[in-house]
Amino acid sequence: SQQGEEDPQALSIQEGENATMNCSYKTSINNLQWYRQNSGRGLVHLILIRSNEREKHSGRLRVTLDTSKKSSSLLITASRAADTASYFCATSRGGFKTIFGAGTRLFVKA
Amino acid sequence: DAGITQSPRYKITETGRQVTLMCHQTWSHSYMFWYRQDLGHGLRLIYYSAAADITDKGEVPDGYVVSRSKTENFPLTLESATRSQTSVYFCASIAPTNTGELFFGEGSRLTVL
């Protein structure tokens, strides 16, 4: 069974707008990660946030984590057409076993 | 080239045939993983390996076999392919920096007729 569930399943925005994707999970975690997948390619790691962190930034990415609600959000600011991809959250409880959600498909219109 | 290489990238086979998907990494990472990706399910973990000769089941191991005789190779075998195993298969490894970041191959798209 999936640990993470992303919301929305699909998102279409204009270039320059912000994109927000949400992830909910079911059990306690050690860390939560976000990955990006371009069409026909493998996944690429974007950012990791540990369970004792609440917010993290990396360039135009901002990730928040609320362990009390078992949820995370990924914000992409000033989106570009090149940000068009699928985005996945992934959680680890311990060790290196990582479980992925079903993903959010983001389409950024130029 | 450094990284994870999967082969073949595309494979068409028939029901009942045995298929092996290869995965090779150049980093000597201890942990390696096999995931399958299907529409609506995201990525599901099939098997993983903590080191050579150490493997363990993931979420959906039925119908698959893995081996890890060398650290750099982690082949996935479908002993008798079924149509439900039509999917895109991804191999991944984790860096030993304890960040948990997974490095993925480009995937192997398998169609079972």
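Caption draft 1: Region of interest: the overall build of chain A. Along the backbone of chain A there are zero helices and 11 strands. When the helices and strands of chain A are read in sequence order from the N terminus, they spell out β-β-β-β-β-β-β-β-β-β-β. Taken over the C-alpha trace, chain A has a radius of gyration of 13 Å; the compact-globule value for 110 residues is 13 Å, and the two agree within 12%. Principal-axis analysis of the C-alpha atoms places the extent of chain A at approximately 40 × 25 × 20 Å. For chain A, restricting intrachain contacts to residue pairs at least 6 apart in sequence, the fraction spanning at least 24 positions comes to 55%. Seen as two clouds, the 15 positive and the 9 negative side-chain charges of chain A have centres 6 Å apart.

Caption draft 2: Region of interest: the interface of chain A and chain B. Taken together, the 21 residues of chain A in the interface contact 23 residues of chain B. With both chains or domains summed, chain A and chain B bury close to 1800 Å², and 54% of this area falls on carbon and sulfur atoms. At the surface where chain A touches chain B, the tally comes to one salt bridge. A salt bridge links Arg41(A) to Glu106(B); its shortest N-O distance comes to 2.4 Å. Run the count over chain A and chain B and you get four residue pairs in polar contact (both at pLDDT 80 or more).

Caption draft 3: A look at the side chain of Thr64(A). All names here are of chain A. The residue Thr-64 is located in strand β7 (residues 61-66) in this model. Polar side-chain contacts of Thr-64 include one of 2.6 Å to the side chain of Ser-73. Dropping the residues within four chain positions of it, Thr-64 is found in contact with Ile-49, Arg-54, Glu-55, Ser-71, Ser-72 and Ser-73.

Caption draft 4: How the structure looks around the state of the cysteines. What the rule picks out here adds up to two disulfides over all chains. A sulfur-sulfur distance of 2.0 Å marks the disulfide that ties Cys23(A) to Cys89(A). Between Cys23(A) and Cys89(A) the disulfide shows an S-S torsion of about 60°. By sign, it is right-handed. On the criterion of sequence distance, the pair formed by Cys23(A) in strand β3 (residues 19-25) and Cys89(A) in strand β9 (residues 85-92) is long-range, its members being 66 residues apart. Exposure remark for Cys23(A): the relative accessible area of 1% places this residue in the buried category. Through a disulfide, Cys23(B) is tied to Cys91(B); the S-S separation comes to 1.9 Å. Disulfide Cys23(B)-Cys91(B): the torsion about the S-S bond is -75°, which places it as left-handed. Placement of the pair is Cys23(B) in strand β3 (residues 19-25) and Cys91(B) in strand β9 (residues 87-94), with a sequence separation of 68 residues. Across the pair, exposure class does not vary: Cys23(B) and Cys91(B) are buried alike.

Reading the values: the criteria
- Residues numbered from 1 in each chain as written.
- Chains lettered and ligands numbered in written order.
- Predicted model: local features only at pLDDT ≥ 70, side-chain atom pairs only at ≥ 80, totals over all residues.
- Heavy atoms only, no water.
- Helix = DSSP H or I, 4+ residues; strand = E, 2+ residues; numbered from the N terminus.
- Rg over C-alpha atoms; globule rule 2.2 N^0.38 Å.
- Contact = heavy atoms within 4.5 Å.
- Lys, Arg positive; Asp, Glu negative; His and termini not counted.
- Charge placed at Lys NZ, Arg CZ, Asp CG, Glu CD.
- Buried area = accessible area lost by both parts, 1.4 Å probe.
- Salt bridge = Lys/Arg side-chain N within 4 Å of Asp/Glu carboxyl O.
- Polar contact = N/O pair within 3.5 Å; in protein donor to acceptor, adjacent residues only side chain to side chain.
- Disulfide = S-S within 2.5 Å.
- Buried < 20%, exposed > 50% of the residue type's maximum accessible area, 1.4 Å probe, protein only.

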